Amino acid sequence: MKYIASWSGGKDSTASIILAHENKEPLDLIIFSEVMFDKDISGELPEHINFIRNICIPLFKSWGYEVKILHSGLSYMDIFLREPARGKRFGSGLRTGFPMAGKCQVNRSCKVHPIKKYLKSFNEEFTQYIGIATDEPARLDRVVKTENQTSLLQKYGYTEQMAFNLCKKYGLLSPVYNFTKRGGCWFCPNARDCELRYLRNNHRDLWDKLLELENTPNLIGNKWNGLTKTSIHNKEEQFMWEERQVDIFDCGVGRIGEA
């Protein structure tokens, strides 16, 4: 029996590895599935992929664990630019464009599929450690129904907050937690405003790529979030006006103070 940890770099899956280390649980392999924006640019925020490669992996290897980074044969841009292979839009010249929020094909094809493919090709019996905390009962119920999956967080009675604290104790808390409660691809259609503001303010080159993509002609999904009909251009305008309001407020306060 081999023991494999599915790891995203988030607090729960990272805490699972720490618990395995602390409690001498068997752990033969850690797998991380990296989504790519294109063949050169990671779909992970630069801070997070740096955290994965240069902080976590060296430490895990020093603990004696093998770490494998998986990649799909498809990138976000491959999916974005491909034409429908069937259905009423087949042969129309239209391209897929932005994925549907809540049902992200990019996550399924570029993140989940490589994990499933790798595990399916595994020639030995294995148990998969899944990072699900005790205060996530609905998700835990699904794990119980899956024969070869288990949660070390459940075994040792860890809530999400406890997992957060354990990662912080070991210096293994991803920098994304400085501005959001969740991780994800930087182009995720489910991203909240705090994540989008961070991307715009700290990685303008990546933000500009999303603006450019919305200008691509003949897209089926022609807005960043087709579910809410929200475009990145809408968000750019929203954030720009927010900044102007702050500037006006600061100037007003300064004048009042001088008076």
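Q: Quick rundown of the nonpolar core? Include the residues and the values.
A: Tyr 76, Val 106, Trp 186, Phe 187 and Leu 213 are the most contacted members of the largest nonpolar core, which totals 30 residues. Of all the elements in the fold, those that place two or more residues in this core are helix H3 (76-81), helix H4 (105-121), helix H8 (193-202), helix H9 (204-214) and helix H10 (232-258). At 5 residues, the largest contribution of residues to this core is made by H9. Not counting chain neighbours up to four residues away, the residues in contact with Trp 186 comprise Phe 37, Ile 41, Ser 42, Gly 43, Glu 44, Leu 45, Leu 199, Leu 206, Lys 209 and Leu 210. Listed in part, the 27 residues of the second largest apolar core include Ala 15, Ile 30, Cys 56 and Leu 153.

Q: Give a detailed account of the sheet that holds strand E3 (residues 66-70), specifying residues and quantitative values.
A: What the 5 strands build is an open sheet, ordered E3-E2-E1-E5-E6; its pairing is parallel. If you trace the sheet from one side to the other, it starts and ends with E3 and strand E6 (149-150), each paired once. Here strand E1 (residues 2-6) pairs with strand E5 (residues 126-129) via 4 bridges, running parallel. By the bridge assignment for E5, Ile 4 is matched with Gln 128. Lying on the sheet, helix H2 (residues 46-62) is in contact with strand E2 (29-33) and E3; it crosses E3 at an angle near 155 degrees.

Q: Account for H4, naming residues and giving values.
A: Counted at 1.5 Å a residue, the expected span for H4 with its 17 residues is 24 Å, and the 22 Å between its end C-alpha atoms agrees. The principal kink in H4, of about 40 degrees, is found at Val 112, preceding the proline Pro 114 by one to four residues. For H4, every residue scored as buried is listed here: Val 106, Ser 109, Cys 110, Lys 111, Pro 114, Ile 115, Tyr 118 and Leu 119. Those residues of H4 that are buried lie in contact with E1, E2, E3, H3 and E5.

Cut-offs used in this document
Residues numbered from 1 in each chain as written. Predicted model: local features only at pLDDT ≥ 70, side-chain atom pairs only at ≥ 80, totals over all residues. Heavy atoms only, no water. Core = buried A, V, L, I, M, F, W, Y, C linked by side-chain atoms within 4.5 Å. Buried < 20%, exposed > 50% of the residue type's maximum accessible area, 1.4 Å probe, protein only. Helix = DSSP H or I, 4+ residues; strand = E, 2+ residues; numbered from the N terminus. Contact = heavy atoms within 4.5 Å. Pairing = 2+ DSSP bridges. Axes fitted to C-alpha atoms, helices over the stretch in contact; angles between N-to-C directions. Expected span 1.5 Å × (residues − 1). Bend = angle between axes of the 7 residues up to and from the residue.

Purely geometric numbers; function is a separate question.
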